Amino acid sequence: MAKSGIYVGLDIGTSSVKVVVAEYIDNQMNIIGVGNAKSEGINRGIVVDIEKTVNAIHRAIGQAEEKAGIQIRNVSVGLPANLLEVENCQGMIAVNGESKEITDEDVRNVTSAALVRSIPPERQIVAIIPQEFTVDGFEGIKDPRGMIGVRMEMFGLVYTGPKTIVHNIKKCVANAGLILDELIITPLALTEMILSDGEKDFGTTVIDIGGGQTTTAVMHDKQLKFTQVNQEGGEFVTKDISTVLNTSFNNAEALKINYGDAYPERTSEAEEFPVDVIGKTDPVKVSEKYLAEIIEARMEQIFTKSKEVLDSIEALELPGGVVLTGGAASLPGVVELAQEVFGTSVKLYVPSHMGLRNPVFTNVISLVNFAANVNDVYRIAESAVTGEKVTPTQSYQTAPIRQTSEAPTTAYEESDELDYQEPEESQSGESLTDKVKGFFSNIFD
C-alpha cells in the first residue's frame, strides 16, 4: 500500500529533464505538477556540462512548482540501466539480542553480510533487493521482523553500476539545490509499475524506446533479472528521415509526428505530402509509404538488436511477451512491426493519468510510484547500501517538499522535446551474453 504524502520524481534524460509531483491520498495517486525541459548537458550518457544540466533541472523544477503551487526540495531520481549488472547475493548472521527477536537492525546486518564482495574500482553497488529470508531453516519468509530465531539468511539480487554515472547524477541534483531522497534504478521502477502481478511472476520483457536509446528489461519471479541498452532511439529515426529526404532535422521530426508510420503495409503510395528539401526552392512530394519504409528500417534494426540478446537468454519464451513504452513507441505501426520481429505478443503501455496520457512520461511517473509503494524491508536493505541509519518502520514519514504560499519567482517554457533518454553505453555483446546466459540458466527449470 502506498504511503500517504507528496512525492517528486526527477528523470534526467539525454535530451530532456522531466519532473512529476504526485500526492498520494488513500493509496490513490494524484499528479499535481509536471515539468519538462530540454537538456543540453548530457552527451552519450555522460554529463559533459554540469551547469547546463543543472539549468535544465531548474527549468523543469520551476514548471512543476508553478503548476503544483509548492516549493520542491527533495526528489527521487532515476538511474539509467547503462552498464547495469545484476548478480545473486546471499548473507547469513546470528540474530542479536537476548530475546532473539529479529529487528530492523538484524535485517540491515544480514544485508550488509550479503554485500561483502569484490567490486571493480570503477563500479559501485547501487541497490540490493531481498528476495526471501530463511530463519533457522524455515524458508520463503518475506519479512522476518518480529520473528524468533538464532540464525538468519537472506537471498537477493544486487545491482552495480558505473561510479561516473552515479556521481554525476548526484552532483547535478546537489548543484540544483535539491536533496536526493532516493536513487532509483529506472527499469526497476518501470517494470514494477506497468506490469501486472502475473506478468511479473511468470516473466515479461519491457522495451523502453526513448529518444536517444532503447532499454530492454526482463522481469521474472517478480524481480528485475536483466537489462540491456541499445544506443538507438527515436531521434535516430528522425535523423534517417532528415538524411534520406535531405531536409532539416526539425522538418524531419514534424514529418515523423504528422505522417509517420512504422508499418508500410498500412500506408499508401497515393497519399503524398510536401517536403522542404535543402537546395531546392519548391517543396518535393513524398509518398506516405516511402516515409514509412524509412521509419521501418530503423525501428526494425532496433527491435532486431533487442531480439538477438533476448534470444541468447531465452527470454522471449517467457509467457508475458513484450510490453513497449517510451516516446518512440507511440508511433503508429510500432506494435505491429514489433510483433513481426519478436514473434510473440506485444502491447503498448500508455499512462492513464489525466494530462500525461503519453508514453514519454512513463519513466518519470514510475519513479514516483516506486518511491511511494516500496516496502519497509527494501528501505532497510537500502540503508545497508547507503550507510544511512535504520529508521523505525512506524516513524517513517515522507516530507519531500515544503508547502509555500508564494508563487515561484521564475516561470519556464516547456520544451517541445518529450522523448525520455538515458545515457548511452558500450559493452561487449559476447561477454554480456555469456554472463547473462549463466544467470538465466535455471529460469525455466
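In this text, all values refer to a predicted model and were calculated from it rather than measured experimentally. Per chain, the residues get numbers from 1 upward, laid out in the order the sequence is written. Per-residue local features of the predicted model are confined to residues with pLDDT of at least 70, and side-chain atom pairs are confined, for both listing and counting, to 80 or more; whole-chain, interface and lining totals are unaffected and use all residues. As a convention, hydrogens and water are excluded, and side-chain values are obtained from all of the structure's heavy atoms.

1. A look at the sheet that holds strand β8 (residues 85-94)
Part 1 of the reasoning: In this description, strands pair whenever DSSP reports at least two bridges between them. The way it works is that DSSP assigns letters per residue, a run of H or I at least four long becomes a helix, a run of E at least two long becomes a strand, and they are numbered from the N terminus. Overall, antiparallel pairing links the four strands, which are arranged β8-β11-β9-β10 in an open sheet. Every other strand in the sheet has two partners, leaving β8 and β10 (138-141) as the edge strands with one partner each. Shown here is a sheet whose adjacent strand axes are inclined to one another by a mean of 35 degrees, direction ignored.
Part 2 of the reasoning: Those strands touched by helix α2 (residues 104-114) are β8, β9 (123-135) and β11 (151-162), and its axis lies near 125 degrees from that of β8. What counts as an axis is a line fitted to C-alpha atoms, over the stretch in contact for a helix, and the angles between N-to-C directions run from 0 to 180 degrees. What makes two residues a contact is simply this: any of their non-hydrogen atoms within 4.5 Å.

2. Some words on unusual backbone geometry
Backbone phi values are negative for most residues with the exception of glycine, while trans is the configuration of most peptide bonds.
Part 1 of the reasoning: The phi dihedral of K222 falls on the positive side, at around 60 degrees, and the residue is not glycine.
Part 2 of the reasoning: As for its position among the elements, K222 is in the loop between β14 (214-220) and β15 (223-230).
Part 3 of the reasoning: Despite not being glycine, N246 has its phi angle at roughly 55 degrees, a positive value.
Part 4 of the reasoning: Secondary-structure assignment places N246 in the loop between α6 (234-245) and α7 (249-259).

3. Focus: the nonpolar core
Part 1 of the reasoning: Here the nonpolar core consists of buried residues drawn from Ala, Val, Leu, Ile, Met, Phe, Trp, Tyr and Cys, with membership extended through side-chain atoms lying within 4.5 Å. Summary of the burial criterion: residues with accessible area below 20% of their type's maximum are buried, those above 50% are exposed, and those between are partly exposed, where the area comes from a 1.4 Å probe applied to protein chains only. One finds L10 and Y159 to be the most contacted residues of the largest nonpolar core, which totals 68 residues.
Part 2 of the reasoning: Beyond its immediate chain neighbours, meaning those up to four positions away, Y159 contacts L84, E85, V86, Q124, I125, V126, A127, I129, I185 and L224.
Part 3 of the reasoning: In this structure, I209, V218, V286 and V335 belong to the second largest nonpolar core, which totals 39 residues.

4. A closer look at the pairing of strand β1 (residues 5-12)
Part 1 of the reasoning: Counting buried positions along β1 gives eight out of eight residues, so the element sits mostly inside the fold.
Part 2 of the reasoning: Residues G5, Y7, G9 and D11 point to one face of β1 and I6, V8, L10 and I12 to the other, with burial holding for every one of them.
Part 3 of the reasoning: Connecting the antiparallel pair β1 and strand β2 (residues 16-25) is a turn made up of three residues.

5. Let's talk about the sheet that holds β14
Part 1 of the reasoning: Strand order in this open sheet of five strands is β15-β14-β13-β18-β19, and the pairing throughout is mixed. Sheet topology places β15 and β19 (346-348) at the edges, where each strand pairs with a single neighbour. Adjacent strand axes in the sheet meet at a mean angle of 20 degrees, parallel and antiparallel pairs treated alike.
Part 2 of the reasoning: Looking at chain direction, strand β13 (residues 204-209) and strand β18 (residues 322-325) are connected through four bridges and run parallel. Following the sheet pairing, D208 is matched in β18 by T325.
Part 3 of the reasoning: Contacts from helix α9 (residues 334-342) reach β13, β18 and β19, with the element oriented near 155 degrees to β19.

6. Thoughts on a negative patch on the surface
Part 1 of the reasoning: Each patch is built from residues that are more than 30% exposed by relative accessible area and take part in no salt bridge. Like charges join if they lie within 9 Å; nonpolar side chains (Val, Leu, Ile, Met, Phe, Trp, Tyr) join within 5 Å. Areas reported here follow the Shrake-Rupley algorithm with a probe of radius 1.4 Å; residue values treat only the protein chains shown as occluding. We define a salt bridge as a contact between a side-chain nitrogen of Lys or Arg and a carboxyl oxygen of Asp or Glu at a distance within 4 Å. When charges are counted, Lys and Arg are positive and Asp and Glu negative, with His and the chain ends excluded. A single reference atom marks each charge: NZ on Lys, CZ on Arg, CG on Asp, CD on Glu. There is a patch of like negative charges on the surface, built from E265, E269, E271, E272, E293, E300 and E340.
Part 2 of the reasoning: With respect to the element layout, E271 can be found in the loop between α7 and β16 (272-275).

7. Examining the packing of α2 against helix α11 (residues 376-386)
Part 1 of the reasoning: At their nearest, the axes of α2 and α11 sit 8 Å apart, and the two run at 55 degrees to each other. The orientation of α2 with respect to α11, classified from their angle, is oblique. Every pair of crossing elements has a handedness; the one defined by α2 and α11 is right-handed. Note on element contacts: α11 touches α2 through V377, I380, A381, S383 and A384, opposite D104, V107, R108, T111 and S112.
Part 2 of the reasoning: By the convention adopted, Pro, Cys, Tyr, Trp, Phe, Met, Ile, Leu, Val and Ala count as nonpolar, Lys, Arg, Asp and Glu as charged, and the other residues, Gly among them, as polar. Its residues assigned to classes, the contact of α2 with α11 comprises five nonpolar, three polar and two charged. Note that the term roughly parallel is reserved for angles under 35 degrees, roughly antiparallel for angles over 145, roughly perpendicular for angles of 65 to 115, and oblique for everything else. Left-handed describes a crossing whose near helix is turned anticlockwise from the far helix through less than a right angle; right-handed describes the clockwise counterpart.

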